[in-house]
Amino acid sequence: MKLRSSETFWPLKSAMKYSYPSIDSDHTTEILIIGGGITGALIAYKLISEGKKVILVDRRDVANGSTAASTALLQYEIDVPLHELIKIRGLECAVDSYSNGKKAIFDLRTIIDTIKSDCQFEFKKSIYYCSLKKDIPFLRNEFKCRKEHGFDVNWLERWDLEKMGLNAIAGIESKTAAVMDPYKLANDLLHYCQKKGMQIYDRTNITSIQNQKSKSIAHTENKFTISAEHIIHCSGYESTETLTEKMVDLKSTYVIASENIEFLPTAFKNAIFWDTSKPYLYFRVTSDNRIIMGGGDEDFKDAKKRDKLLDKKEQYLLRHFKRKFPKINFKIDYSWAGTFGETKDGLPYFGKPDPTKNEHYVLGFGGNGITFSVIGMNSIMDSINNKKNQDLEYYRFGR
């Protein structure tokens, strides 16, 4: 599956600092990770920290799938608002999921500091706003629900938003959010793990897995094998190719990045923005004063049809940006398309789809893929050791 199109921003910005070989012989390891994006890198970091022997493979260059196309808005809010998630999954799961997301942002910062990654991580506020009067009751319900369950939020009126340069009528300000360069962090994590003993092979495509009693054998496209006690799939939306359960609806999404803007409103520098429309639009600034905007989502059919819409979607996003931030002169410098997925409850999938096999999945579907991956990282050892874990129950397969 082709997960993105055109040249995205992060690889061009960061260049390819590290490179890895493709596999050229048979191997045996304790754990095999399939997928070298941000999810695989975080899982690898956890396992290496636990003293595990790990091999990681990716069918393309590492970090060049969805990670390279990510806009890397790190939020505890998920695609399903809290007051709606409570109705879908119950109070405990919903509130814990929002709290897990908040904790994940701080956990991520700790990891970044530990490995000394220069991935431009910055804490921000999150502004969830509406532009239509009919959406105000919905937004107020969400505000009251978050307040009731202990989340630090403020209500914003039109004039508050105008001070930020945003043309909207109401909003919720959340204190905890962040941005970063996901491509840089994924590469830094993988390099760190390699120095700690992990073997990495890119351009290595796993075509089949044979499960035996005490081990699993992964077969590569070029006829080599990797024997492992456990296999962890971190291949994101490409996991739809290997799983029979229907978990996610694939979507095409579109992104534009501006030229460097010398004078940005201070409020824009301090916050990320997203709206109540469906599908929603979102905005963030980079460390070098570019604005990244995403949205215009459509049902994914195939990569060619997705990519043909890129020119049209550029103009769609640019028009909407000018309506929301009329005082900012947005000149498009980069644009790209990517594939992501929506689950019925907006939550990820972790654990073993088949309890009889030592194949584990960490699938951070939705707009919170990176924070979901951190949550999955924190529960992967319990999945391997068959220990009870509340997150593995919340985000289990077959739910």
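What counts, and at which threshold
- Residues numbered from 1 in each chain as written.
- Predicted model: local features only at pLDDT ≥ 70, side-chain atom pairs only at ≥ 80, totals over all residues.
- Heavy atoms only, no water.
- Salt bridge = Lys/Arg side-chain N within 4 Å of Asp/Glu carboxyl O.
- Helix = DSSP H or I, 4+ residues; strand = E, 2+ residues; numbered from the N terminus.
- Buried < 20%, exposed > 50% of the residue type's maximum accessible area, 1.4 Å probe, protein only.
- Phe/Tyr/Trp six-rings, centres within 6.5 Å; stacked < 30°, edge-to-face > 60°.
- Lys NZ or Arg CZ within 6 Å of the ring centre and 35° of its normal.
- Expected span 1.5 Å × (residues − 1).
- Arc of directions from axis to C-beta.
- UniProt positions renumbered as here; feature names shortened; annotations may be inferred.
- Axes fitted to C-alpha atoms, helices over the stretch in contact; angles between N-to-C directions.
- Parallel < 35°, antiparallel > 145°, perpendicular 65-115°, else oblique.
- Left-handed = near helix turned anticlockwise from the far one by under 90°.
- Contact = heavy atoms within 4.5 Å.

Draft legend 1. Structural detail: the pattern of salt bridges. Going through the model one piece at a time under the given rule, you end up with 25 salt bridges. The salt bridge partner of Asp-345 is Arg-89, with a shortest N-O separation of 2.9 Å. Of the two residues, Asp-345 sits in the loop between β16 (332-343) and β17 (349-351) while Arg-89 sits in helix α4 (residues 82-89), which places them 256 residues apart along the sequence. A salt bridge links Arg-140 to Glu-157, with the shortest nitrogen-to-oxygen separation between them at 3.7 Å. Of this pair, Arg-140 sits in helix α6 (residues 136-148) while Glu-157 sits in strand β6 (residues 153-157), placing them 17 residues apart in sequence. Take Arg-140: its relative accessible area is 33%, and that puts it in the partly exposed class. With a relative accessible area of 26%, Glu-157 lands in the partly exposed category.

Draft legend 2. Geometry of the environment of Asp-96. Looking at the secondary structure, you find Asp-96 in helix α5 (residues 91-115). According to the relative accessible area criterion, Asp-96 is partly exposed, its value standing at 28%. Between the C-alpha atom of Asp-96 and that of Asp-391, which follows or precedes it by 295 residues, the distance is 9.0 Å.

Draft legend 3. Examining the packing of aromatic side chains more closely. Taken as a whole and assessed by the stated rule, the structure comprises 23 aromatic pairs. Residues Tyr-237 and Phe-365 carry aromatic rings whose centres are separated by 5.4 Å and whose planes lie at 25° to one another, so their mutual orientation is stacked. One end of the pair, Tyr-237, is in the loop between β11 (225-233) and β12 (248-258); the other, Phe-365, is in the loop between β18 (359-363) and α12 (369-384), and 128 residues separate them in sequence. Classification of Phe-365 as buried rests on a relative accessible area of 1%. Summarising the aromatic geometry, the rings of Phe-273 and Phe-325 are spaced 5.3 Å apart at their centres and angled 75° between planes, so their arrangement reads as edge-to-face. A residue pair is termed long-range when its members are at least 10 positions apart, and Phe-273 in strand β13 (residues 271-275) and Phe-325 in the loop between α11 (310-324) and β16 qualify at 52 residues. When its relative accessible area of 0% is taken as the criterion, Phe-273 is described as buried. Here Phe-325 falls in the buried class, since its relative accessible area comes to 0%. Ring pairs connect the aromatic residues Phe-268, Phe-273, Phe-283, Phe-321, Phe-325 and Phe-330, which therefore count as one cluster. When the ring centre of Tyr-316 is taken as reference, the NZ or CZ atom of Lys-313 above it lies at 5.4 Å. Positioned above the aromatic ring of Tyr-349 is the side chain of Arg-399, whose terminal nitrogen or guanidinium carbon lies 3.8 Å from the ring centre.

Draft legend 4. Structural context of α11. For α11, with 15 residues, the first-to-last C-alpha span of 21 Å sits near the 21 Å given by 1.5 Å per residue. Among all positions in α11, only Leu-310, Lys-313, Glu-314, Leu-317, Leu-318, His-320, Phe-321 and Lys-324 are buried. Looking down the long axis of α11, one finds its buried residues gathered within 165° of arc, a one-sided arrangement. Turned more than 90 degrees off the buried face of α11, the exposed positions are Asp-311 and Lys-312.

Draft legend 5. Broad picture of the UniProt feature "domain: FAD dependent oxidoreductase" (unreviewed entry) in the chain. Here the UniProt-annotated "domain: FAD dependent oxidoreductase" (unreviewed entry) positions come out as residues 31-375. Between the C-alpha atoms that bound residues 31-375 there is a distance of 19 Å. The span itself is 33% helix and 31% strand.

Draft legend 6. Looking closely at the packing of α5 against helix α8 (residues 182-195). Where α5 meets α8, the axes come as close as 11 Å, and the angle between the chain directions of the two elements is 55°. In terms of orientation, α5 lies oblique with respect to α8. Once α5 is placed against α8, the crossing between them reads as left-handed. Note on element contacts: α8 touches α5 through Leu-185, Asp-188, Leu-189 and Tyr-192, opposite Leu-108, Ile-111, Ile-112 and Ile-115.

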